[in-house]
Amino acid sequence: FLAAADGLGSIAIDTTQLNMSVTDPTAWATAMNNLGMVPVGLAGQQLVTDSICVPGFDPSLSMMTGIAPINPMIPGMGLVPPPPPTDVPVVKEIIHCKSCTLFPPNPNLPPPSTRERPPGCKTVFVGGLPENATEEIIQEVFEQCGDITAIRKSKKNFCHIRFAEEFMVDKAIYLSGYRMRLGSSTDKKDSGRLHVDFAQARDDFYEWECKQRMLAREERHRRKMEEDRLRPPSPPAIMHYSEHEAALLAEKLKDDSKFSEAITVLLTWIERGEVNRRSANQFYSMVQSANSHVRRLMNEKAAHEQEMEQAKESFKNALTGILTQFEQIVAVFNASTRQKAWDHFSKAQRKNIDIWRKHSEELRNAHSEQLMGIRREEEMEMSDDDSGDNPSKKLRVDDSALAAQAYALKEENDSLRWQLDAYRNEVELLKQEKGQLFRTEESLTKDQQLQFLQQTMQGMQQQLLSIQEELNNKKSELEQAKEEQTHTQAMLKVLQEQLKSAKELAEINGHDESQANEINVLTVALVNQDREKNSEKRSPGLKSEKEALLIGIISTFLHVHPFGANIEYLWSYMQQLDSRISANEIEMLLMRLPRMFKQEFTGVGATLEKRWKFCAFEGIKTI
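These lines cover the structure that appears in this document, whether it is placed above or below. (Residues numbered from 1 in each chain as written. Predicted model: local features only at pLDDT ≥ 70, side-chain atom pairs only at ≥ 80, totals over all residues. Heavy atoms only, no water.)

### What about the overall build of the protein chain?
Then step 1. Along the protein chain, the regular secondary structure elements total 18 helices and 10 strands.
Then step 2. Across the protein chain, the fraction of contacts at a sequence separation of at least 24, relative to all contacts at a separation of at least 6, is 64%.
Then step 3. Summed over its atoms, the accessible surface of the protein chain is roughly 44,300 Å², and 56% of this surface lies on carbon and sulfur atoms. (Helix = DSSP H or I, 4+ residues; strand = E, 2+ residues; numbered from the N terminus. Contact = heavy atoms within 4.5 Å. Areas by Shrake-Rupley, 256 points an atom, 1.4 Å probe, with all protein chains shown as cover.)

Written out as structure tokens, the structure is:
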């Protein structure tokens, strides 16, 4: 990146080291661009930012190149410009210092790795220093990156350098990978490859925390100023009571435009306790003036109610017109779905017409319900008005006193009714809030107990159903066993009669006793064969596909457990696959298939345990 002297202007650079013509303006501009300087004597834009260039730089210093531009290699001059764009390759070149030379790394190698940058990092770790490198040489190399506040050098060829600002650390990191050689010596102790990395220092972190706290204070102050600016202005202060102010307030109470402001002042005075014997008459007159506005407010309310009724009526008429049009549209769809027109539409057209018809019917029903609701509300209001009419209102009396009294009673009745409605609404809201937010533990425990009892009842119902099913199975098995027993007894009687007849024939024909024994053996064999056939008939087949699946899963499970498994272990495994299955159901299924599963007792005494084993491979040989 740098191709000229680094650090001091007294170092002479031979022109033979430059592979370009110093008289070529284009080549010189490229070289100055690589150095991060503004080429003197060339028109163009500044190549580095003002933050990197040193203010007050003296351009009269000369270099030994035949040209007298500025010398960028003085202390305080930035070695490294801002990071170039990612699409522009960075070319690192040899850096010459007064006491050493820095050779760039191989550009084909990946960039040296660095650790994660600590917050507020101003300290760098520099490793790979030559053994003979002194603190002055390190200062000479790295002070080009910025002001150094401290250097802590170790005896093991590394050091820590703390800069004045954070951006100077980025410039120092740029030197990572350079090979440093002291003078022109080739001794191994005078060379080393630099490794520059971020270092974590307590001082840096403390300064960063202080800066963050300062920024947080500034942010809080800014927010507070913004809140104060946006806060609405405070209401004007209410003046203290005096006879003069009371007279002005009485005039304001009579004015409709200033009534709201005046009634607030009057309320504040009464709450402060300004009413006494001396001022009672004045306050009474002000209260009487406030009461005079009641009739005005009632008239305004009546006007607003009339406007609302007119709006309701117009809305109802518009809704009726919309509902009529919906009825016509639905009638069109119904006519389209009749046989006369329906057969001429395609399948897609029929589907769209059916969807449109259903949608129109739903909208029509919704609007019809809304219109019926409005009518019901009107009927209820009319019934309330009929029931709430005051008899004194029907009998108009010419006497003004009676009329005023009736009007006052009506107003009082209305106010009481409004207060009652307000109290009812508040009570309902309190009940809802109490039911939603302040639910007692007792109700929660009752709900939990109810849920637990419901679950228990469901489990008992399931057990009852399974027991009933087992009972039916047992009854059918018992009936089959009875039938088999009667069949066996009948067969036995027939065989006994045959045996007797065979013996008599043997005695008559003179056969010996051995032939009679053979007949007995044959008879016993026939009886056993008949019993086996009956037992095979008695064992019912599989009732459903679920039992077949259960048998397959149980057979696989017991096959991998050659020493058998108890019914609880087997049931816990089956529960993971089907939570509705019970241990009793599994045991009944195992007992129905004695040629596939057999039960054995293992252990002695308290460790006695029943285990089921898979014996289908043995049972198939006996069939």
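Don't stop here, the text continues.
### Focus: the packing of aromatic side chains
Then step 1. Going through the model one piece at a time under the given rule, you end up with eight aromatic pairs.
Then step 2. On the basis of an interplanar angle of 40° and a centroid distance of 5.5 Å, the ring pair of F125 and F158 is categorised as tilted. Here F158 lies in strand β5 (residues 158–163) and F125 lies in strand β3 (residues 123–127), a separation of 33 residues in the sequence.
Then step 3. Taking the centre distance of 4.7 Å and the plane angle of 20° together, the rings of F557 and Y573 count as stacked. Taken together, the positions of F557 in helix α15 (residues 545–559) and Y573 in helix α16 (residues 567–577) put the pair 16 residues apart, joining distant regions of the chain.
Then step 4. Among the residues examined, F557 registers a relative accessible area of 7% and is labelled buried.
Then step 5. Take Y573: its relative accessible area is 31%, and that puts it in the partly exposed class.
Then step 6. Taken together, the aromatic side chains of Y241, W269 and F283 make up a single cluster linked through ring pairs.
Then step 7. If you follow K92 out to its NZ or CZ, it ends over the ring of Y174, 4.7 Å from the centre.
Then step 8. The ring centre of F259 lies 5.9 Å from the NZ or CZ of R296, which sits over that ring. (Phe/Tyr/Trp six-rings, centres within 6.5 Å; stacked < 30°, edge-to-face > 60°. Buried < 20%, exposed > 50% of the residue type's maximum accessible area, 1.4 Å probe, protein only. Lys NZ or Arg CZ within 6 Å of the ring centre and 35° of its normal.)

### Some words on the sheet that holds strand β6 (residues 179–182)
The strands that make up a sheet are held in pairs by hydrogen bonds between backbone atoms, and each pair lies either parallel or antiparallel.
Then step 1. Sheet architecture is open: four strands sit in the order β1-β2-β6-β7, paired in antiparallel fashion. Each end of this open sheet is capped by a strand with a single partner; those strands are β1 (95–96) and β7 (191–193). (Pairing = 2+ DSSP bridges.)

Scope: geometric values only; no functional claims are made or implied.
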